[in-house]
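An overview of the molecular structure
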Amino acid sequence: MKADDLHRRLDALWRMESPKLLARLARITGNIDTAEELAQDVLLAALERWPREGVPDNPAAWLMTAAKHRGIDHVRQRQLHARKQDEFGIELTLHGADMQGDDAQRFADDDIGDDLLRLVFASCHPVLPMDSRVALTLRLLGGLSTPEIARAFLQQEATVAQRIVRAKRALASAQVPFEVPRRTELPERLEAVLEVLYLVFNEGYAATSGEDWMRPALCEEALRLGRVLAGLLPREPEVFGLLALMELQASRIPARTRADGSPVLLAEQHRARWDRLQIQRGLQALAHARQLGGDDGRYVLQAALAACHARAPRFEDTDWAGIAALYARLMHVAPSPVVEINRAVAVGRAQGAAAALPIVDALAADAKLSGYAPLPAVRGDLLEQLGRRDEARDEFARAAALTGNTREREALLARAAACASA
């Protein structure tokens, strides 16, 4: 394999596997900075050895084994020098020697049962502001880059980068141990954990950058963690609301791309390819969330929106008026310019483009949306529906210039070209 091909393969593998490696290393060492350093050592080892020895048959397992060995070596060295032996909780069995004392009791009390979810809860520490908790966790354990996180927050990359650095410094300054919270401490961290899973899933469902329209591995991991969380906290309506939303959205994944990887928009999707079993699971989770009293929860409302699409046998049968009403309720619960853009789309479908265009135009002054590609894309769609094709072409071209995703850019440029030739 050529060096460039190997590096591309390793880069793709690293994006998928590094959160799991970091979670395992942080669990072994009890320190996130140490875990990051050891994870980078593993990456360097792969870059050095794989060109000489060839790519292993199971490269993900190779990375995890190398990570565990480095974590164990680090703990051995720390114990050997008898320094800070009680500073962190360590889950470790070396040559049949089980944990004893406080460490054993700490992990006996661990009810989470999943390495990555444990570390999501651990990094969402209440000593940090909510946005810092989410940004730090997305960077460390969600595997998202700083530009991807910035897009999710509708903020500048430099702002997000500084927030992540300050969050790590704040944890270090407060001498917060990187350990699994006890069950009684989970509720105060739940809001941040849910937002992390939500944003990781969204990045998988509509990738911010890169060659692919989607990153299904991120969707699968967020869904897996959501299912674990639902089993852990069966009385939390928003947990089931988020799970329902992810199940319903993920049901469309098989129909969202063509064989060549190009995107298929909702109106053009073959609904026979939607996963009906997954839709049923999503509807059941939504019903359970409502039974728990979560009708007006942020994630429950979004799941209800996804359910409207899932229940429509054809695009033409979609209850757009009901969707617009749900977006209005969501704006009251969790106001956001992104929600307002989506409400405009629903209004346009229910009442016509002329009714929706003023909503979109009113958002143009929002500085948060200055680099947000969906805003000119939606405006271009509305203008095209109104027959204002020259203006629509300019909006599609502007949206294409703003997106970092290759597939999305190609689709937008194709729409711009279609407006120019009409």
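Relevant structure appears above.
Residues numbered from 1 in each chain as written. Predicted model: local features only at pLDDT ≥ 70, side-chain atom pairs only at ≥ 80, totals over all residues. Heavy atoms only, no water.

Examining the environment of Leu140
Among the secondary structure elements, Leu140 is positioned in helix H6 (residues 130-140). Residue classification places Leu140 among the buried residues on the basis of a relative accessible area of 6%. With 21 residues separating them along the chain, Leu140 and Leu119 place their C-alpha atoms 9.5 Å apart. Ignoring any residue separated from it by four or fewer positions in sequence, one finds Leu140 in contact with Pro19, Leu22, Ile32 and Glu36. (Helix = DSSP H or I, 4+ residues; strand = E, 2+ residues; numbered from the N terminus. Buried < 20%, exposed > 50% of the residue type's maximum accessible area, 1.4 Å probe, protein only. Contact = heavy atoms within 4.5 Å.)

What about the packing of aromatic side chains?
Under the definition given, this model contains four aromatic pairs. Summarising the aromatic geometry, the rings of Trp50 and Trp62 are spaced 5.3 Å apart at their centres and angled 75° between planes, so their arrangement reads as edge-to-face. On the criterion of sequence distance, the pair formed by Trp50 in helix H2 (residues 32-53) and Trp62 in helix H3 (residues 59-80) is long-range, its members being twelve residues apart. Each member of the pair, Trp50 together with Trp62, is buried. Ring centres of Phe201 and Tyr205 lie 5.9 Å apart, and the angle between their planes is 15°; this geometry places the pair in the stacked category. With Phe201 and Tyr205 both in helix H9 (residues 187-205), this residue pair falls four residues apart, about one helical turn. What makes Phe201 buried here is its relative accessible area of 3%. Given a relative accessible area of 10%, Tyr205 falls into the buried group. Taking the ring centre of Phe153 as reference, the NZ or CZ of Arg163 above it sits at 5.2 Å. Above the plane of the ring of Tyr198 lies Arg298, whose end atom (NZ or CZ) is 5.1 Å from the centre. (Phe/Tyr/Trp six-rings, centres within 6.5 Å; stacked < 30°, edge-to-face > 60°. Lys NZ or Arg CZ within 6 Å of the ring centre and 35° of its normal.)

Some details on the layout of surface pockets
Its volume calculated, the second largest pocket comes out at about 540 Å³. Forming the boundary of the second largest pocket are 28 residues, of which Arg15, Met16, Arg215, Ala217 and Leu218 lie nearest the centre. For the lining of the second largest pocket, the secondary structure elements donating two or more residues are helix H1 (3-29), helix H5 (115-123), H9, strand E1 (209-210) and helix H10 (216-232). Per-element accounting of the lining of the second largest pocket gives the leading share, seven residues, to H1. (1 Å grid on protein atoms, 1.4 Å probe; cavity = no way out; pocket = protein on both sides within 12 Å on 5 of 7 lines; lining within 4 Å. Points joined across faces, edges and corners; volume = space filled by probe spheres on them.)

Section: the packing of helix H11 (residues 237-250) against helix H13 (residues 298-311)
At a minimum axis separation of 8 Å, H11 and H13 run at an interaxial angle of 30°. Between H11 and H13, the interaxial angle falls into the category roughly parallel. Considering how the two elements wind past one another, H11 and H13 form a crossing that is left-handed. Contact residues: H11 offers Pro237, Glu238, Gly241, Leu242, Ala244, Leu245, Leu248 and Gln249, while H13 offers Arg298, Tyr299, Val300, Gln302, Ala303, Ala306, Ala307 and Ala310. The residue inventory of the contact of H11 with H13, partitioned by class, reads eleven nonpolar, three polar and two charged. (Axes fitted to C-alpha atoms, helices over the stretch in contact; angles between N-to-C directions. Parallel < 35°, antiparallel > 145°, perpendicular 65-115°, else oblique. Left-handed = near helix turned anticlockwise from the far one by under 90°. Nonpolar A, V, L, I, M, F, W, Y, C, P; charged D, E, K, R; others polar.)

Digging into the pattern of salt bridges
Proximity of charged atoms lets side chains of opposite charge pair with each other. By the definition in use, this model includes 24 salt bridges. The closest approach of N and O atoms between Glu221 and Arg224, which form a salt bridge, is 2.6 Å. Here Glu221 pairs with Arg224, and both are found in helix H10, just three residues apart, close to one helical turn. Note on Glu221: relative accessible area 16%, which makes it buried. Here Glu384 ties to Arg415 by a salt bridge, and the two come within 2.6 Å at their closest N and O atoms. Taken as a pair, Glu384 in helix H17 (residues 374-385) and Arg415 in helix H19 (residues 406-421) lie far apart in primary sequence, 31 residues in all. Judged by relative accessible area, which is 25%, Arg415 ranks as partly exposed. The network of salt bridges with shared partners includes Asp361, Arg379, Glu395 and Arg398. (Salt bridge = Lys/Arg side-chain N within 4 Å of Asp/Glu carboxyl O.)

Here's the deal with the nonpolar core
Ranked by internal contacts, the top residues of the largest apolar core, which has 90 residues, are Trp50, Leu63, Leu138, Ile149, Leu229 and Leu242. Per-element accounting of this core gives the leading share, eleven residues, to H9. Sequence-distant contacts of Leu229, defined by excluding residues within four places in its chain, comprise Leu117, Phe121, Leu190, Val193, Leu194, Leu197 and Val239. (Core = buried A, V, L, I, M, F, W, Y, C linked by side-chain atoms within 4.5 Å.)

Considering the environment of Leu119
Within the element layout of this structure, Leu119 appears in helix H5. Considered as a pair, Leu119 and Ala26 are 93 residues apart in the sequence and their alpha carbons are 7.6 Å apart.

A few points about helix H7 (residues 146-153)
Regarding H7, the residues found buried are Thr146, Glu148, Ile149, Ala150 and Phe153. Leu154, located one to two residues past H7, shows a positive phi value of around 55°.

Regarding the environment of Arg379
By secondary structure assignment, the location of Arg379 is in helix H17. The contact partners of Arg379, leaving out residues within four places of it in the chain, are Leu357, Val360, Asp361 and Glu395. A distance of 2.6 Å separates polar atoms of two side chains, one belonging to Arg379 and the other to Asp361. (Polar contact = N/O pair within 3.5 Å; in protein donor to acceptor, adjacent residues only side chain to side chain.)

Some thoughts on unusual backbone geometry
Positive phi values are uncommon outside glycine, yet Leu154 reaches one of about 55°. If you trace the backbone, Leu154 turns up in the loop between H7 and helix H8 (157-173). On the basis of relative accessible area, Leu154 is assigned to the buried category, the value being 15%.

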